[in-house]
Amino acid sequence: MNDYKEKFEKMKIAGSLASKTLDMLTNEIKEGISTNKIDKLGFEFIRDHGGYSAPLYYRGFEKSLCTSLNHVICHGIPGERILEEGDIVNVDVTAIVDGYYGDTSRMYSIGKISVKAQNLIDATYESLMKSIKILKPGVKLGDIGNEIQTYVEAKGFSVVRDFCGHGIGDKFHEPPNILHYGKKNTGAELKPGMTFTIEPMINSGKFEVKVLEDGWTAVSKDKSLSAQFEHTVGIKDNGYEIFTESAKGYLKPPYN
């Protein structure tokens with residue numbers, strides 16, 4: 001019996017609720033909706049399915065999820081902004097169920113978007129999945145970052161350095177930090193039972209970041225587009241498990 005089996009089962013429940021929230025939002029996120037409305041729908045869905053939205057009141061954050069548009073890298077605060085044709089937006093959801101956390105985010109495209117925006121979204125998603133596919137005991141943390149960095153830089157994009165993935169379980173954020181850049185065979189070794197997020201933030205321009213006066217919203221300093229995808233994963237004896245996969249098979253936009 002694996003001593004982490006019970007923890008993984010609880011994290012699967014929390015991760016599934018977070019993922020189902022994004023599934024539900026897929027048909028709602030379109031031209032004309034406000035980011036406040038997205039936030040309200042997400043909060044109500046999590047609440048109505050036995051969970052709680054982890055970001056709400058976390059360190060003073062006043063919304064239930066993050067909506068990061070266009071050149072916003074992460075921690076975008078939902079507000080009155082109406083989504084328009086050509087926008088890209090990341091929606092980041094963390095659900096707490098029975099004391100355990102599930103954290104995931106996806107990109108959404110509004111109507112027809114630019115080729116550059118689509119290429120950025122595609123590269124960001126592929127970099128996440130490439131980094132997940134190498135996970136197993138003995139792999140080093142630097143290997144994860146190296147997979148992401150090597151892939152996206154070859155496409156002409158850059159990896160944000162100021163934010164990283166994180167350990168997660170019965171706490172929202174805990175060690176280790178999961179950097180999205182790095183050198184192979186460096187850093188701590190993965191061990192069975194570890195649970196953490198991988199959440200690459202990739203810019204179409206340079207990687208430098210600026211945090212706005214609200215203390216949360218992080219934008220690309222050169223105002224270039226930014227994209228992000230996130231999964232919560234666990235390390236098993238012989239590989240990995242993704243706790244936040246879409247029940248509807250949604251991977252990246254456009255979602256059909």
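Residues numbered from 1 in each chain as written. Predicted model: local features only at pLDDT ≥ 70, side-chain atom pairs only at ≥ 80, totals over all residues. Heavy atoms only, no water.

Novice: How should the nonpolar core be read in this particular structure?
Specialist: Within soluble globular proteins, side chains that are nonpolar generally end up buried alongside one another. Counting 53 residues, the largest nonpolar core has Ile29, Val91, Leu135, Ile144, Leu190, Phe196 and Ile198 as the members making the most contacts within it. Of all elements in the fold, only helix H1 (5-26), helix H2 (35-48), strand E4 (88-97), strand E5 (100-109), helix H3 (115-133), helix H4 (141-154), strand E9 (195-198) and strand E14 (231-236) reach the threshold of two or more residues within this core. Among the elements that take part in this core, H3 stands out by supplying eight residues, more than any other. Setting aside anything within four residues of it in sequence, one finds leucine 135 in contact with Ile144, Leu190, Phe196, Ile198, Val233, Ile235, Gly239 and Tyr240. (Core = buried A, V, L, I, M, F, W, Y, C linked by side-chain atoms within 4.5 Å. Buried < 20%, exposed > 50% of the residue type's maximum accessible area, 1.4 Å probe, protein only. Helix = DSSP H or I, 4+ residues; strand = E, 2+ residues; numbered from the N terminus. Contact = heavy atoms within 4.5 Å.)

Novice: Looking at this structure, how should I read H4?
Specialist: Turn by turn, an α-helix covers 3.6 residues, leaving residues three or four places apart pointing in a common direction. With 14 residues, H4 extends 21 Å between its outermost C-alpha atoms, agreeing within 8% with the 20 Å of an ideal straight helix rising 1.5 Å per residue. Next to the buried residues of H4 lie H3, strand E6 (158-159), strand E8 (174-178), E9 and strand E10 (201-203). Following H4 by one or two positions, glycine 156 has its phi on the positive side, about 90°. (Expected span 1.5 Å × (residues − 1).)

Novice: Just checking my understanding: could you explain the packing of aromatic side chains for this structure?
Specialist: How two aromatic rings sit relative to each other is given by the distance of their centres and the angle of their planes. Counted under the stated rule, the structure contains eight aromatic pairs. Judged by centre distance (5.3 Å) and plane angle (75°), the rings of tyrosine 125 and phenylalanine 229 are edge-to-face. Within this pair, whereas tyrosine 125 is found in helix H3, its partner phenylalanine 229 is found in the loop between strand E13 (226-228) and E14, the two being separated by 104 residues in sequence. Side by side, tyrosine 125 and phenylalanine 229 carry an identical accessibility label, which is buried. (Phe/Tyr/Trp six-rings, centres within 6.5 Å; stacked < 30°, edge-to-face > 60°.)

Novice: Sorry if this is basic, but what is going on with the sheet that holds E13 here?
Specialist: Picture the strands of a sheet paired through backbone hydrogen bonds; they go either parallel or antiparallel. Here three strands make up an open sheet; going across it, the order is E6-E10-E13 and the pairing antiparallel. The sheet terminates laterally at E6 and E13, the two strands that pair on one side only. Sheet topology places E6 next to E10; two bridges connect them, and they run antiparallel. Its bridge partner being in E10, serine 158 is matched across the sheet by asparagine 203. Contacting E10 and E13, H3 runs over the sheet at an angle of about 35° to E13. (Pairing = 2+ DSSP bridges. Axes fitted to C-alpha atoms, helices over the stretch in contact; angles between N-to-C directions.)

Novice: Got a minute to help me understand the state of the cysteines in this structure?
Specialist: In a disulfide, the sulfur atoms of two cysteines are held together by a covalent bond. Counted under the stated rule, the structure contains zero disulfides. The thiol of cysteine 66 is not disulfide-bonded; the next cysteine sulfur, from cysteine 74, is found 7.7 Å away. Relative accessible area serves as the criterion here: at 10%, cysteine 66 is assigned to the buried category. (Disulfide = S-S within 2.5 Å.)

Novice: Explain H2 here, please?
Specialist: Its 14 residues place the ends of H2 20 Å apart at the C-alpha level, agreeing with the 20 Å of an ideal helix rising 1.5 Å per residue. Where the residues of H2 are buried, they touch H1, strand E1 (52-53), strand E2 (66-69) and E4. One or two steps after H2, the chain reaches glycine 50, where phi turns positive at roughly 85°.

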